[in-house]
Amino acid sequence: MRVPSNAYAESLTQQLGKLNFQQVNLQKQLSSGQRVTESFEDPAAVGRALNSASEKTRIQIQERNLNRAELVAEFSGATLEQLKVLVDKATIDANQTDGLTSSEDFRARALQTNQQIEQALRVANAQISGDYLFAGANTSEVPFVAVRYEAGDTMVDAQGRPVYALGDAIPTTDVDPADITFVNSAGELVDAETGEATTEPPTLAPIPAGTAYVIEWNAPNSGVLKNGVDYSDALSGGLPYGEVTVATGPAGDFVSQVDRIAVADDFIGMVSHIEYTGTVDPDQDVRFRVGEGSSIAPFSRGQVNLEYLNFFNDLVALRDAYSQELLSNANPDVEFDSGSKTVEELTGEFSDHQQTVLLGIVEFGSLLQGIDVTSRINESRFNELERLSARELDIDVAQTIMNLNRAQVAYEGALRSGSSVMQLSLIDFI
Amino acid sequence: MAGIFSSLNAAASALQTHSRSVQQTGKNIANVNTEGYTRQRLVTGSISSSNGEYKVESGALVALGAQQSRDIFIDRQIVNEIAYLETLETQDFRLRQALANLGDSINRTGEAQFVDDLTESGGGLRGSIDSFFNSFQALASRPNDATTRQVLFQSAEALVDNFRRVDSRFEIMQSELDAQLSVELDSFNQRLAELDQINREISRLEVGQPGAALDLRDQRQLKLEELAEYALIDSKEVPGSNGQIVVNIRSEDGDFVPLIQPGAGVQELYFDQDSGAFRVLGAGTTLDIESGRLPAVAEVRDVYVADIRADLDRLANAVATQVNEVYYQAFVPAGIDPAVPEASFFQMPTPPPSVSGVPSEVTAGSIALYSEPSDPLTVTDFTPLTATSLRTSVTEFKGANDLALLIADIGGQTVAELGGIKMSEFSTRMLTELGQEIEEIQNRKSVQEDVKAILEERRGEIGGVSMDEEVSNLVQYQRAFQASSRYFNVLSEMLETMINSMGR
């Protein structure tokens, strides 16, 4: 076989080029720790590793969400612990009324309860990073808003409905329902169901002569009329309490006495009732994505928040119940129907509230446990993906060093053998 | 005895021939590293002369001419292999450039090793898409947090910017390929003209001496190989044309279209932008150039880069449409209660298809965040997208995150328009498909380099200059020269003896 003289040089150059390329690659691998830096070096591995990387960043975000959820749950749990102290105290107080005999005792208890109301409001309106914990999805607004008495106000019950001094009106003749009209505060005749102005009288059952006729505008919808005729359907059609006054007819036969009670000086500045501005619909509860296909709602549920609202308003009712005595003393001739519950009635309610708060604490405790488990699952998934990426892309350092060493030895060998072969030719021996 | 003068002539001719052989060897040695040089050998022979009645013939050594050690089949094969190798090299180079344009690096050092490490999504498209949807995940847990909203807005801007930048890179690449194609065509036509010139000179020199223009044949072969780098051509010697060749290129019908014909000059090649095909000037035939740099550049531009840009457009459109499908809020004019300003996330020529029924037309080059009404004539009130105007819920509650969650979930959902895979997976697939293409090309290139190396080695074995062989020949010719010289001396002495013995 003929071997042309430039074959040595060409072959050596080619070989040195290949070895150089190997060395550069191996050196690059050692310095980066990766066996693959371009997708064409191992497309399948790169595809898997990139998808893993995407998955890893998703898990990291979910882990961050989980951390935030944990914080929210911890704060909420701690807040409920404080509420529990309040509900326990109120329950105990409600059960210990035997020693209360004088007006001053009731006044002191009312003031004490009032303090508890204020405290409960502060606790329940707790925030984390600017978000209210017990507002459902409406986390940027104060969830439990206290409506306070101002001078000139009339008394309302714990639900915000007016308290009336009631008078009985006994018609001397049968009252034709057509003669009972509903008039709004502007003096316009309104439809009992829609509250809109109308010329048609409402269709009501006749009121027999000699029947005590009491209209309780401030009563719950379940009992509009106490004398056996239920007008709740008529009145539940949208007419807000306190905004409709009654005129009865025929004129002069009877007049229902529905006078509002002016607020006492003691009550000015006090919480009259508490309103909830948060969301209630379970569909609106704020959820965080915390894992593959899983999410949690770390904020207190809207429905539960309503129960906390009941607790707060029952605290108001408790205070008002303590004050009932004072109110009666100030207006001895008036029968009051405040719609508020008595202390005895409230005792049972507070037991329920204790349960509600306790369940809330338990719920957040369980949530925290769930968060812990999810976090461990996330960590495990992340580590598995990291191992997969490492297997796909990372170098075996020892093996790479060995390969580099081998390439270096081969390079040196190629240089030595090349130079010695190229130096010699027949011309040196002639 | 044969005529002594005849013998002297023969000796002198031998000396001259050996001298030329030495000269030929010297030329071989001198051109040992000349590219395209094929070793030449002096062909010698004896010429006879009869003398006297016995017709004794005396052969004088003469140089009959020079000969090249060339295998035209290997030469043709090398031309083919060069064209194919050049295709692969061009594709390899350009597709790696395309890969770099996508901008998704594989950098494990920046990657989070632990779940609590800082999140790194990478700088490429895939990273931007991940980052965008992850930002919605984060926003869903902090809908009121100004920083989180700002981060999301920035990630949206980065996504839009990335789409546009990547598309712009490919647009520039297509322009570069246009320019390259034009330059390469000029070079090809220039070399064609040079080849035609060499062809003519060979014809002129080889009139009556077939195969005499050896060095020009070397140059012609080199020129053919240079042309093959641009486009696969076919050449063959035309009988009776004093060594000239015809150079052809294949049409899409499989016929040969001549580029150089003896006596007909050069037909230049051009690229017809309208039909997207190569043609020969003056001939309407569409060419089907199988390999070489020219078809490779055209293929990268019109197939690979065009496909990548189409994929980018599909991806951008999918991102914009899917997000807007959830985010879009239709305009309700003032006077209708409640009046609602139009709001969208990405700027689209029309509202999302689900709202308008009109297909959207977002491309990677046009994708933008919502900043103006979709239809300024009918939409008189709108809310441009900013970090603060960003909606996280369809309700009025600021802490609600239903919208943010829905959009975050889009990132994890498969998209029918993208072949039933997730958006970031589509981006990864673009990367890996291109990687696979490059890997395949590099594997073929490696094989092709070996094939070419084997052929060149074989050609070297046949036509390359071996110093050992040339030096050995040199010694051989030197000895022959010495022997002929000695023979000449003997004849000279004989003649002297004869002259001196005369007249005694």
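Thresholds applied
- Each chain has its residues counted from 1, running along the sequence as written.
- For this description, chains carry letters from A and ligands carry numbers from 1, given in the order in which they are written.
- Where totals are concerned, whole chains, interfaces and linings use all residues; where local detail is concerned, this predicted model gives features only for residues with pLDDT of at least 70, and gives and counts side-chain atom pairs only at 80 or more.
- Values reported for side chains reflect all heavy atoms of the structure, with hydrogen atoms and water molecules removed beforehand.
- Distance thresholds for patches are 9 Å for like charges and 5 Å for nonpolar side chains (Val, Leu, Ile, Met, Phe, Trp, Tyr), applied to residues having over 30% relative accessible area and no salt bridge.
- Values of accessible area rely on a 1.4 Å probe in the Shrake-Rupley scheme; residue burial ignores everything except the protein chains shown.
- What counts as a salt bridge is simple: a side-chain nitrogen of Lys or Arg found within 4 Å of a carboxyl oxygen of Asp or Glu.
- For the purpose of counting charges, residues Lys and Arg are taken to be positive, whereas Asp and Glu are taken to be negative. His and the chain ends are not included.
- For the purpose of locating charges, the reference atoms are NZ of Lys, CZ of Arg, CG of Asp and CD of Glu.
- Each helix is a run of DSSP H or I of at least 4 residues and each strand a run of E of at least 2, with the numbering of both proceeding from the N terminus.
- Only protein chains enter the accessibility calculation, which uses a 1.4 Å probe; a residue whose area is less than 20% of its type maximum is buried, one above 50% is exposed, and one in between is partly exposed.
- Residues count as neighbours in contact if any of their non-hydrogen atoms are within 4.5 Å of one another.
- Any pair of nitrogen or oxygen atoms within 3.5 Å is treated as a polar contact; in protein, a donor-acceptor pairing is required on top of that, and neighbouring residues in sequence qualify only through side-chain atoms on both sides.
- Working definition of a nonpolar core: buried Ala, Val, Leu, Ile, Met, Phe, Trp, Tyr and Cys residues. They are joined through side-chain atoms within 4.5 Å.
- For every residue, the predictor states its confidence as a pLDDT score lying anywhere from 0 to 100.
- Only strands that DSSP links by at least two bridges are regarded as paired with each other.
- Structural elements are reduced to axes, namely lines fitted to C-alpha atoms, with helices fitted over the stretch in contact, and the angle between N-to-C directions of any two is expressed from 0 to 180 degrees.

(A) Here's a closer look at a negative patch on the surface. Residues and elements named next belong to chain B. Among the surface-exposed residues, Glu252, Asp253, Asp255, Asp288 and Glu290 lie close enough to one another that they form a single negatively charged patch. Here Asp288 lies in the loop between strand E10 (277-280) and helix H6 (293-327). For Asp288, a relative accessible area of 43% corresponds to the partly exposed category.

(B) Fine view of the environment of Lys27 of chain B. All names here are of chain B. One can find Lys27 in helix H1 (residues 4-30). Relative accessible area serves as the criterion here: at 27%, Lys27 is assigned to the partly exposed category. Those residues within four positions of Lys27 in sequence are excluded, and the remaining contacts are Tyr37, Gln40 and Asp215. One polar contact links Lys27 to Gln40, side chain to side chain, over a distance of 3.0 Å.

(C) Seen up close, the nonpolar core. Ranked by size, the top nonpolar core spans 102 residues in total, and within it Phe188, Leu269, Phe345 and Phe346 of chain B carry the most contacts. Once you skip the residues sitting within four places of it in the chain, Phe188 of chain B turns out to touch Leu227, Tyr230, Ala231, Ile233, Leu259, Leu269 and Leu294 of chain B. Ranked by size, the runner-up nonpolar core spans 53 residues in total, among them Leu83, Ala110, Leu309 and Tyr322 of chain A.

(D) Local environment of the confidence of the model for chain B. The predicted model of chain B has a mean per-residue pLDDT of 90, with 96% of residues at 70 or higher. For this predicted complex, the interface confidence score (ipTM) comes to 0.83, while the overall pTM stands at 0.81.

(E) Layout of the sheet that holds strand E8 (residues 265-266) of chain B. Residue and element names in this part refer to chain B. In space, the four strands of this open sheet follow the order E5-E6-E7-E8, with antiparallel pairing throughout. At either end of the open sheet lies a strand with only one pairing partner, and these are strand E5 (234-237) and E8. Bridge count between strand E7 (residues 256-261) and E8: two bridges; the pairing is antiparallel. Bridge pairing in E8 links Gln261 to Gly265. Seen against the sheet, helix H4 (residues 146-205) touches strand E6 (245-250), E7 and E8 and runs at an angle of roughly 60 degrees to E7.

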